[in-house]
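Remarks on the overall topology
The chain contents come next:
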Amino acid sequence: MNHAVCYFFSFLMEAAILWLYSSGLFAARHSIRTRLAVLCGSYSALFLISLFELKWLNAAAYFLFSLIFLTTQYRLGRHAAFIHAAVLTAVMGTGELAVYGIAKRFAPHFYTDGKTSHLLIHAAFSKLIFFTAICLLIHSMRPQRNDGGQPDRYGLPLVFIPAASIFLMLTFIYIGETSALLLPLGWMLAFSAIFLLAMNLLVLGFYQYIQRKNAEFTHLQLLLQKESDSMEYYEMLRRQNENQRILIHDIKKHLQSIALLNEQKEHDKINAYIQQLTQSSDLKESARLCSHELLNSILCRYAQQCADSHISFHTDIRSKTVDFIADNDLTSLFCNLLDNAFAAADGIPDSFIELTVSRRRNTPFVIITVINSCRKNPLPVEGGQQNGHGFGLKSIRRTVSKYHGDIQMHYDHDAFTFHTFIALKPGCQS
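The model shown is predicted, which means the values in this text are computed figures rather than measured ones. (Residues numbered from 1 in each chain as written. Predicted model: local features only at pLDDT ≥ 70, side-chain atom pairs only at ≥ 80, totals over all residues. Heavy atoms only, no water.)

Across its full length, the protein holds twelve helices and five strands. Among the 430 residues that make up the protein, the fraction classed as buried is 41%. For the protein, the proportion of contacts with a sequence separation of at least 24, taken over those separated by at least 6, is 71%. About 24200 Å² of surface is accessible on the protein, with carbon and sulfur atoms providing 61% of the total. (Helix = DSSP H or I, 4+ residues; strand = E, 2+ residues; numbered from the N terminus. Buried < 20%, exposed > 50% of the residue type's maximum accessible area, 1.4 Å probe, protein only. Contact = heavy atoms within 4.5 Å. Areas by Shrake-Rupley, 256 points an atom, 1.4 Å probe, with all protein chains shown as cover.)

Our next topic: the side chain of T417. Among the secondary structure elements, T417 is positioned in strand 5 (residues 417-424). A distance of 2.9 Å separates polar atoms of two side chains, one belonging to T417 and the other to H419. Among residues more than four places away in sequence, those in contact with T417 are F352, I371, N372, S373, C374, H410, Y411 and D412. (Polar contact = N/O pair within 3.5 Å; in protein donor to acceptor, adjacent residues only side chain to side chain.)

Once that is clear, we can look at the sheet that holds strand 4 (residues 406-412). Sheet architecture is open: five strands sit in the order 1-2-3-5-4, paired in mixed fashion. Either end of the sheet is taken by a strand with one partner, and the two such strands are strand 1 (312-317) and strand 4. Averaged over neighbouring strand pairs, the angle between their axes works out to 10° when direction is ignored. Two elements, strand 2 (residues 352-359) and strand 3 (residues 366-373), share seven bridges in a ladder whose sense is antiparallel. (Pairing = 2+ DSSP bridges. Axes fitted to C-alpha atoms, helices over the stretch in contact; angles between N-to-C directions.)

Right, let's get into the nonpolar core. Core analysis: the largest hydrophobic core is formed by 54 residues, its most contacted members being F9, Y43, L70, L88, F130, F131 and M169. Of all the secondary structure elements, the ones that give two or more residues to this core are helix 1 (2-25), helix 2 (32-50), helix 3 (55-73), helix 4 (78-106), helix 5 (116-141), helix 6 (160-178) and helix 7 (183-249). Element by element, the count of residues in this core is highest for helix 5, at 13 residues. Those residues in contact with F131, other than ones at most four positions away along the chain, are I17, L20, P162, N200, L201 and L204. Ranked by size, the runner-up nonpolar core spans 40 residues in total, among them C335, A345, V357 and F418. (Core = buried A, V, L, I, M, F, W, Y, C linked by side-chain atoms within 4.5 Å.)

Evaluated as defined, the whole model comprises zero disulfides. This cysteine, C300, is not joined by any disulfide, and C290 carries the nearest cysteine sulfur, 8.0 Å off. (Disulfide = S-S within 2.5 Å.)

Burial along strand 4 is one-sided: I407, M409 and Y411 are buried, while D406, Q408, H410 and D412, pointing the other way, are not. Here seven bridges tie strand 4 to strand 5, and the two strands are oriented antiparallel to one another. When the sheet's bridge partners are listed, M409 is paired in strand 5 with T420. If you look at the hairpin formed by strand 4 and strand 5, you'll find four residues sitting between the two strands, and F416 has a positive phi there, around 55°.

Next up on the list: the pairing of strand 1. Direction of pairing for strand 1 relative to strand 2: parallel, over a ladder of six bridges. Its bridge partner lying in strand 2, H314 is registered against E354. Between the parallel pair strand 1 and strand 2, the chain is carried across by helix 11 (residues 327-345), and the sense of this crossover is left-handed. (Right-handed = clockwise from strand over helix to strand, strands pointing away.)

Take N58: it is sitting in helix 3. In contact with N58, other than residues within four places in its own chain, are I49 and S50.

Another aspect to go through is the packing of helix 10 (residues 293-308) against helix 11. Two elements in contact, helix 10 and helix 11, have axes whose closest approach is 10 Å; the angle formed by their N-to-C orientations is 15°. Put simply, helix 10 runs roughly parallel to helix 11. The interaxial crossing formed by helix 10 with helix 11 has right-handed handedness. Of the residues in helix 11, those in contact with L294, L295, I298, L299, R301, Y302, Q305 and C306 of helix 10 are D327, L330, T331, F334, C335, L338, D339 and F342. A per-class count over the contact of helix 10 with helix 11 returns eleven nonpolar, two polar and three charged. (Parallel < 35°, antiparallel > 145°, perpendicular 65-115°, else oblique. Left-handed = near helix turned anticlockwise from the far one by under 90°. Nonpolar A, V, L, I, M, F, W, Y, C, P; charged D, E, K, R; others polar.)

This model, assessed by the stated rule, comprises seven aromatic pairs. Taken together, the ring pairs in this structure connect Y21, F26, F69 and Y74 into an aromatic cluster. (Phe/Tyr/Trp six-rings, centres within 6.5 Å; stacked < 30°, edge-to-face > 60°.)

A cluster of nonpolar residues, L202, F206, Y209 and I210, forms a patch on the protein surface that exposes about 430 Å² of accessible area. By secondary structure assignment, the location of I210 is in helix 7. (Patch = residues over 30% accessible without salt bridge, like charges linked within 9 Å, V, L, I, M, F, W, Y side chains within 5 Å. Salt bridge = Lys/Arg side-chain N within 4 Å of Asp/Glu carboxyl O.)

With that settled, consider the pattern of salt bridges. By the definition in use, this model includes four salt bridges. The shortest N-O distance in the salt bridge between D316 and R318 comes to 3.1 Å. We classify D316 as partly exposed; its relative accessible area is 32%. What you see here is one network of salt bridges that share partners, running through E14, E96 and K127.

As structure tokens, then:
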């Protein structure tokens, strides 16, 4: 009966650890309800098998049911699922042996009385070591950036919690070995060990939940940004279409004016008049600055801002040069680049912004170049960190670093222009 209680508790903790491990690393195939049903069924079978008290059978059954759970419930190939099931089985067995060896070394009489409370402490201690190893595996195998593109700085420090709990478990074992404990106190230590393990599982579970919510929030922000850019783009198309209709409506008046100038033989004025009409933005085709939909919306928004501020805005975005950049990174990179360029060029007579994106010939690199008017050098005289753009530049550097790229900037004192050169390598996102 004592063993059955310990087995039930052990399998309950193992099921929670397997759930956290698989949810933290793999994409699910089915709903949470289906996964929970399969997990409960698997561990119910494992509990019944454990009643035979054959260690090799327990280990083989754990490997088999872990393999079935990973293969059927997550988007994981059979070969990868086999490796992960083997790793889980090996780590779990190592934890059991480690606790047994530690207890025999520091508390040789810990197992002799066969108390259920001692067996529960052993089970909690072994699962805590198993859990600690799983936390390290999740941190090492999961990409070190969350879905929002931000570095995952808090995953590894969380391992300190189970590490500190392991020390407390050693303390419990030592107390049980060196002190003649009354029955209630022994059970109190056992339940303290169980609660300590449960607290560790809850901390990791809440951490993964917060990560998912942060990723969803970041994704929602990206969708809102894309929606805003699309609205700006379509509003620009609407205004352009309206201006074209107004121009077409007034074309008869323009032709009458040209006819009057022709009667007066004002050929120079006629040429100027015609040139002014043909160069009017109202006669341009739909605003299409590049083939990438999101980047085109962003560029159209900045083109309108530049037009309103009398800044010449020129772009040359070669086809398929930015397709490898994730939408959130593309938004951060180009919006911050153009924000900085617009802020520097605003208010300067005959100012301009030039943006080009091209693939360097015979190399895997994509080169982004921004040249803009600028009154003064935003870089310090003796190099070092740029002091002109703050968080915008930090965001640019972070995105460039994410794609294993490089950024160079310099100021042309003779032409009063600021130059930014960025090299990105497709397929090298970290």
